[in-house]
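One-letter residues, chain by chain:
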Amino acid sequence: MKKYVLIMFLSVAGLTGCTCDKTTNNKDMETKTGTLRLIYPQWQGGVITHWMPDIPADDASRGYYLGSHLLNYLAPENGQKTVEVPVSLDVDDREVKNDINAYDAIVRQTGAALDILNEEKPERIITLGGDCAVSVVPFTYLMAKYPDDVAIVWIDAHPDVTLPGDAYEGYHAMALTACLGMGDEKLMSMLPAKADASKALLVGLRSWDEGMKERQAELGIKGFAPEETAENSNVVLEWLKETGASKVVIHFDMDVLDPQEIIVAVGIEPDGMKIAEATRLINDIAAEYDVVGLTVAEPMFRYMIKLKNMLNELPLLN
């Protein structure tokens, strides 16, 4: 049942070939020219095994890798060129350096993603991840391509504003601050641009510790809880108008969705956004702004991991 709910969700979000009658804008939806689909199965940014004790630790760690490829399988090509970022599957290559888990792998994969974008030179990017940090390279690339004209809408249960040196060493929780040019010196020097905090918005927030809350306040990043966009998208559209930007990049972390409706992420915090609310918000933004970047991140298909492991135990299949 969950597979069909996911297919419906992707369809409404515009990631499948559904010909549903919905309002779109001419800038982004009528042409696929210049749009790159980036498969970015990075998993090293998450330190997540303790949240999924029912799955073998190595399989849980690499779950985002499987999730990225499942998203790619479910979403049609629509004429877009597809390129995959090479990602290591070595579970032993996760040494913490500079207060970041799997630092060397993340640096290599950041460089590989940048090389792809610099070669392809896309006008728009669909990123299928992968942990939340997969948005960092495409978003900063697009900010460099469209200077001072890009707003970030970060749809996530968490604010992702931690920094190296904070208690949690997962780079995926540092993703939004990285887009703002804050973080590890080497990684930040690799990124092509950074956004001002005034052009970043958090939507769907419902899970953060005091440190994250304080940093969000210090940075001045506005945030809306799920109930504030449940009925309509007005507060987001009003915020976008205030930024003066004509282009938008949207980060869609699947843990923002209400687990009572669907569980396709590590996080299962209650009272999240409904599928219809999230997809309506994204399409409302696309109806009025040029959506140049869309990331679907943090897919953790627990049942698929268990099914894969079951198949590995059957004769003639391994």
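See the structure shown above.
Note that this is a predicted model, so its numbers are computed, not measured.

A.B. asks: Provide a residue-level description of the side chain of T110, including the pertinent values.
C.D. replies: Note on placement: T110 falls in helix α5 (residues 103-120). Once you skip the residues sitting within four places of it in the chain, T110 turns out to touch Y40, V137, L187, M190 and L191.

A.B. asks: Talk me through the packing of aromatic side chains; I want residue IDs and the actual numbers.
C.D. replies: Tallied over the full model, the rule gives two aromatic pairs. Ring geometry for W51 against Y168: centres 6.4 Å apart, planes inclined by 45 degrees, an arrangement best described as tilted. Placement of the pair is W51 in the loop between β1 (35-40) and α3 (57-61) and Y168 in the loop between β4 (150-155) and α7 (175-179), with a sequence separation of 117 residues. Between the aromatic rings of F139 and W154, the centroid separation amounts to 6.2 Å while the plane-to-plane angle is 85 degrees, which identifies the pairing as edge-to-face. With F139 in helix α6 (residues 136-145) and W154 in strand β4, the pair connects residues that are 15 residues apart, well separated along the chain. In this structure W154 comes out as buried when scored by relative accessible area, which is 0%.

A.B. asks: How would you explain the nonpolar core if you had to name every residue and give the values?
C.D. replies: Core analysis: the biggest nonpolar cluster contains 63 residues, and I152 and Y171 have the highest contact counts within it. Of all the secondary-structure elements, those providing two or more residues to this core are β1, α5, α6, β4, α7, α8 (185-190), β5 (200-203) and β8 (290-297). No other element matches the eight residues that α5 contributes to this core. Leaving out residues up to four positions away in the same chain, Y171 has contacts with Q42, G45, I100, I106, A133, V136, A178, L187 and M188. Counting residues in each nonpolar core, the second largest holds 36 residues, with F252, M254, I275 and I285 among its members.

A.B. asks: Talk me through helix α11 (residues 275-288); I want residue IDs and the actual numbers.
C.D. replies: Along its 14 residues, α11 runs 21 Å from first to last C-alpha, staying within 8% of the 20 Å computed at 1.5 Å per residue. Every buried residue of α11 is listed here: I275, E277, A278, T279, L281, I282, N283, I285 and A286.

A.B. asks: Can you lay out the environment of K97 for me, pointing to particular residues and giving the numbers?
C.D. replies: Following the sequence through the fold, K97 ends up in the loop between β2 (81-84) and α5. Residue K97 is classed as partly exposed on the basis of its relative accessible area of 30%. As for K97 and E169, which are separated by 72 residues in sequence, their C-alpha atoms are 9.4 Å apart. For K97, the residues in contact, after removing those within four places along its chain, are Y103 and D104. Within the structure, the side chain of K97 is placed 2.7 Å from the side chain of D104, a separation counted as a polar contact.

A.B. asks: Run through the pattern of salt bridges, naming residues and quoting values.
C.D. replies: Evaluation of the coordinates by the stated rule reveals 10 salt bridges. Note that K306 and D54 form a salt bridge whose closest N and O atoms lie 2.7 Å from each other. Taken as a pair, K306 in helix α12 (residues 302-312) and D54 in the loop between β1 and α3 lie far apart in primary sequence, 252 residues in all. Given a relative accessible area of 35%, K306 falls into the partly exposed group. Judged by relative accessible area, D54 falls into the partly exposed class, the value being 44%. Through salt bridges with shared partners, one network takes in E123, R124, K247 and D290.

A.B. asks: Mind laying out the side chain of D156, listing which residues take part and the relevant values?
C.D. replies: Checked against the element boundaries, D156 lands in the loop between β4 and α7. Lacking a salt bridge, the buried D156 has R206 as its closest oppositely charged neighbour, with an N-O distance of 7.3 Å. Polar side-chain contacts of D156 include one of 2.8 Å to the backbone nitrogen of H158.

A.B. asks: Tell me about α5, and name the residues and values.
C.D. replies: Over its 18 residues, α5 runs 26 Å from end to end, which matches the ideal 26 Å to within 8%, given 1.5 Å per residue. Of all the positions in α5, only Y103, A105, I106, V107, Q109, T110, G111, A112, A113, L114, I116 and L117 are classed as buried. Packing partners of the buried residues in α5 comprise β1, β2, β3 (124-129), α6 and α8. Two residues or fewer past α5, K121 is found with a positive phi of approximately 50 degrees.

A.B. asks: Explain the sheet that holds β3 to me, and be specific about the residues and the numbers.
C.D. replies: Pairing in this open sheet of eight strands is parallel, and the strands run β2-β1-β3-β8-β7-β4-β5-β6 from one edge to the other. Two strands lie at the open edges of the sheet, namely β2 and β6 (222-224), each paired on one side alone. Between one strand axis and the next, the sheet turns by 20 degrees as a mean value, whatever way the strands run. Of the pairings in the sheet, the one linking β4 to β5 comprises four bridges and is parallel in character. When the bridges of β5 are listed, W154 appears paired with L202. Contacting β1, β3, β4, β7 (247-253) and β8, α6 crosses the sheet at an angle of about 160 degrees to β4. Its contacts with the sheet place helix α10 (residues 234-243) against β4, β5, β6 and β7, and it is angled at close to 155 degrees to β4.

Procedures and definitions
- Residues numbered from 1 in each chain as written.
- Predicted model: local features only at pLDDT ≥ 70, side-chain atom pairs only at ≥ 80, totals over all residues.
- Heavy atoms only, no water.
- Helix = DSSP H or I, 4+ residues; strand = E, 2+ residues; numbered from the N terminus.
- Contact = heavy atoms within 4.5 Å.
- Phe/Tyr/Trp six-rings, centres within 6.5 Å; stacked < 30°, edge-to-face > 60°.
- Buried < 20%, exposed > 50% of the residue type's maximum accessible area, 1.4 Å probe, protein only.
- Core = buried A, V, L, I, M, F, W, Y, C linked by side-chain atoms within 4.5 Å.
- Expected span 1.5 Å × (residues − 1).
- Polar contact = N/O pair within 3.5 Å; in protein donor to acceptor, adjacent residues only side chain to side chain.
- Salt bridge = Lys/Arg side-chain N within 4 Å of Asp/Glu carboxyl O.
- Lys, Arg positive; Asp, Glu negative; His and termini not counted.
- Pairing = 2+ DSSP bridges.
- Axes fitted to C-alpha atoms, helices over the stretch in contact; angles between N-to-C directions.

Interpretation in functional terms is not warranted from these geometric data alone.
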